[in-house]
Amino acid sequence: MKKVSYILFALLVIGAMVLAACTPAAAPEAEEPMEEKPMEEEPMEEGGLADLDGREVTIAIENAYLPFNYIDPETGEGAGWDYVVWDEICSLLNCTPVYVEAAWEGMIQAVADGQFDAAADGITITEDRAEIVDFSMGYVAIEQRLLVRADEDRIENIQSIVDDAELKLGTQTGTTNYETASKHLPEDRIEAFEQFPFAVQALLAGDIDAVIMDETAGQGYLGENADSLKLVGDSLSSDELGFIYPLDSDLVEPVNAALEELMSNGFLVEVNAEYFGADFDVTYDDLFPPEYPDAPETGLGSEAEPIKVLFVPSVDVDFMISGGDLIEDALRMATGLHFEASVPTSYAATIEAMCASPTDTIGFIPAMGYALANQLCGVEPGLASARYGWNVYWAEFLVARDSEFETLEDLEGATWAYPDAGSTSGFLYPSAIFDDLGVTIGNTVEAGGHPQAVKAVYNGEADVATAYFSPPLLPEGRWALGDAPDIPDEMIPDCAVNEDDKLYCGEYRVLDARSAIREEAPDVMQKVRILTISGEIPNDTMSFSPEFPEDMKQGILDAVAAYVDSDACADTLCNENFYDWSGVGPIFDENFDGVRLLMEAQGITLENLGE
């Protein structure tokens, strides 16, 4: 199964028209004895076409392959290029088409076994298939292409996938697309699906990285998904499509003659313009909308009253906002409920929004944010994040690598950049540590997020920045409490962003807040170092507003846990530009008692956080 190349198709049509014009339709057959002709009992119509005398022709058809065949979502009837062309063929040959829906897998063998008179499903003409079925003349030239997510920047062509062992390719089982995939990749890197819509759903969910399919089918997935998908790379294969019949079928010659007539009289040109042109607007989203569990018609979780999901603006806000739709869809798919995600302007605004909507809100908030929200209106914890096996994190103090700061006491009078006054690692813990040490900071800069705080030191706008610290991934073993928090000095010259957009220093992977600016400041490791880190901090939470319905909580907790455990999470919560979660675990209110003591000592309340 493949897709149309307009240039190749035009050449094919022109060639067929020349063939039809230059080859006498009946002269060669007239020289043979009438009794030897397979069409002897079929009278010829004017123009040399056979008359099949109203004969029924059973045609296997998948009804799942745009634009060739599908079930019209408005009428519920079969539609598409195959229907229109076969209807016209039978009009010319005086036959009655009987369309029978059949799964692609097994369709060719079913025709070979005589279960159908023919099959029309964008079937590629191959030598192997021609051993068990007869083909019509080729009526369309097609190209195989790669379909990827719109934000995919790792894949330019099939070689990009071959070279990156982490990438997986999807396609439909039993197709020439699968055969093409097998020429490039081992089977364990190919995901085969019963229908292409399932492959594309997996692609959108992030479970696979590309789909190989006919270009025409790929175009069919754009439309409503134009912002989510794109075709990349050159054609991987160029072949022809044909109808199939049982071997020695007496339909081959009359149908070929009808196809030549449709090419020469302009009918196929009009049909191709209708189904392969820009005006064809039926998409696979129309045919195969996502199957969500039943949502309530009214009340919380209905379309009219979605559950609010709030994220604190701690990292790349634009990236977080763009990922909101994906999280909404994932949670709806798992629970059947409707969700509405948003990123308020600050930590304090997130807490106030949770308390202002006590019956319908979920908040992804850090430890101090939870403690404040719990104190303000009784927000309850649901679960806590884990990052690479850690259910805690730390505050880090960052300074310029060439600065003379060696201890925290050296920061007396320094300019301090912090993410937000509601940040546990970026403000609460550092404030308490400065007070304990008797360090008086000079000017302060509320940067607006962890990446921005790091950039303040990188750009020379602050002497010290505080942000979150997650331990680096080591070449061997695991970072342990008491180990140096920073990468060994001898590795710093080798620090760079690799082809997978990860920040590495040799074989050490950097996961702390410096990694958040790796794209705009790839030399951040050479410019910014860790002075020290704080004690352990409970990881950030997913919490419920105080009057959130108890009977809904567990289903949502299970859905979030499953989502974080899926490949799709890499596009949102589990991405370094989002919260970089790698797992979830239980959390309880008493886990935040230490945070509360620090807040009390610092005199921190929601009122003095500011907006």
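All values reported here derive from a predicted model rather than from experimental measurement.

## A look at helix 11 (residues 267-276)
Point 1. Looking at helix 11, one finds that the buried residues are Phe267, Leu268, Val271, Asn272, Tyr275 and Phe276. In an axial view of helix 11, the angular spread of the buried residues amounts to 120 degrees, which keeps them on one side of the axis. Residues of helix 11 that are exposed and angled more than 90 degrees away from the buried face: Glu270 and Ala273.

## Focus: the packing of helix 16 (residues 424-437) against helix 20 (residues 593-602)
Point 1. Where helix 16 contacts helix 20, the axes come no closer than 10 Å and their chain directions differ by 60 degrees. Classified by the angle between their axes, helix 16 and helix 20 sit oblique to one another. Seen along the crossing, helix 16 lies across helix 20 with a hand that is left-handed. For the pair formed by helix 16 and helix 20, the contact residues are Leu428, Tyr429, Ser431, Ala432 and Asp435 on the first element and Val595, Leu598, Met599 and Gln602 on the second.
Point 2. Of the residues that constitute the contact of helix 16 with helix 20, the class distribution is six nonpolar, two polar and one charged.

## Focus: the sheet that holds strand 29 (residues 541-544)
What holds strands together in a sheet is hydrogen bonding between their backbones, with the strands either parallel or antiparallel.
Point 1. An order of 17-16-18-29-19-30 is seen for the six strands of this open sheet, with the pairing classed as mixed. Edge positions in the sheet fall to strand 17 (339-342) and strand 30 (583-585), since each has one partner strand and no second. Taking the axes of each pair of neighbouring strands and ignoring which way they run, one obtains an average angle of 25 degrees across the sheet.
Point 2. One ladder, built from four bridges, connects strand 18 (residues 361-365) with strand 29; its direction is antiparallel. Across the sheet, Ile362 pairs through a bridge with Phe544, a residue of strand 29.
Point 3. Along the sheet, helix 13 (residues 317-335) makes contact with strand 16 (307-311) and strand 17, crossing strand 17 at roughly 160 degrees.
Point 4. Across the face of the sheet, helix 15 (residues 367-377) comes into contact with strand 18, strand 19 (380-386) and strand 29 while running at roughly 140 degrees to strand 18.

## Some words on the pairing of strand 10 (residues 169-172)
Point 1. Burial along strand 10 is two-sided: Leu169 and Thr171 facing one way and Gly170 and Gln172 facing the other are all buried.
Point 2. Note that the unit made of strand 10, helix 7 (residues 176-184) and strand 11 (residues 190-193) has a crossover that is right-handed.
Point 3. Taken together, the two bridges between strand 10 and strand 12 (residues 210-214) define a ladder with parallel strand orientation. Residue pairing in the sheet places Gly170 in a bridge with Val211 of strand 12.

## Overview of the pattern of salt bridges
Point 1. Tallying each qualifying case throughout the model produces 20 salt bridges.
Point 2. Between Glu191 and Lys168 there is a salt bridge whose closest N-O contact spans 3.2 Å. Here the residue Glu191 occupies a position in strand 11, and Lys168 occupies one in the loop between helix 6 (158-163) and strand 10, the gap between them amounting to 23 residues.
Point 3. When its relative accessible area of 29% is taken as the criterion, Glu191 is described as partly exposed.
Point 4. Across the pair Arg387 and Asp540 runs a salt bridge whose closest N-O atoms are separated by 3.0 Å.

## What to know about the side chain of Ser543
Point 1. The residue Ser543 is located in strand 29 in this model.
Point 2. Classification of Ser543 as buried rests on a relative accessible area of 0%.
Point 3. Not counting the four nearest positions on each side in its chain, Ser543 is found in contact with Met354, Thr361, Ile362, Gly363, Ile365, Tyr370, Val379, Glu380, Pro381 and Gly382.

## A few points about the environment of Pro73
Point 1. Summarising the element assignment, Pro73 is placed in the loop between strand 4 (69-71) and strand 5 (78-79).
Point 2. The exposure class assigned to Pro73 is partly exposed, which follows from its relative accessible area of 47%.
Point 3. Residues Pro73 and Val282, spaced 209 residues apart in sequence, show a C-alpha to C-alpha distance of 8.8 Å.
Point 4. Residues contacting Pro73, with those up to four places away along its chain left out, are Asp286 and Leu287.

Cut-offs applied
Residues numbered from 1 in each chain as written. Predicted model: local features only at pLDDT ≥ 70, side-chain atom pairs only at ≥ 80, totals over all residues. Heavy atoms only, no water. Buried < 20%, exposed > 50% of the residue type's maximum accessible area, 1.4 Å probe, protein only. Helix = DSSP H or I, 4+ residues; strand = E, 2+ residues; numbered from the N terminus. Arc of directions from axis to C-beta. Axes fitted to C-alpha atoms, helices over the stretch in contact; angles between N-to-C directions. Parallel < 35°, antiparallel > 145°, perpendicular 65-115°, else oblique. Left-handed = near helix turned anticlockwise from the far one by under 90°. Contact = heavy atoms within 4.5 Å. Nonpolar A, V, L, I, M, F, W, Y, C, P; charged D, E, K, R; others polar. Pairing = 2+ DSSP bridges. Right-handed = clockwise from strand over helix to strand, strands pointing away. Salt bridge = Lys/Arg side-chain N within 4 Å of Asp/Glu carboxyl O.

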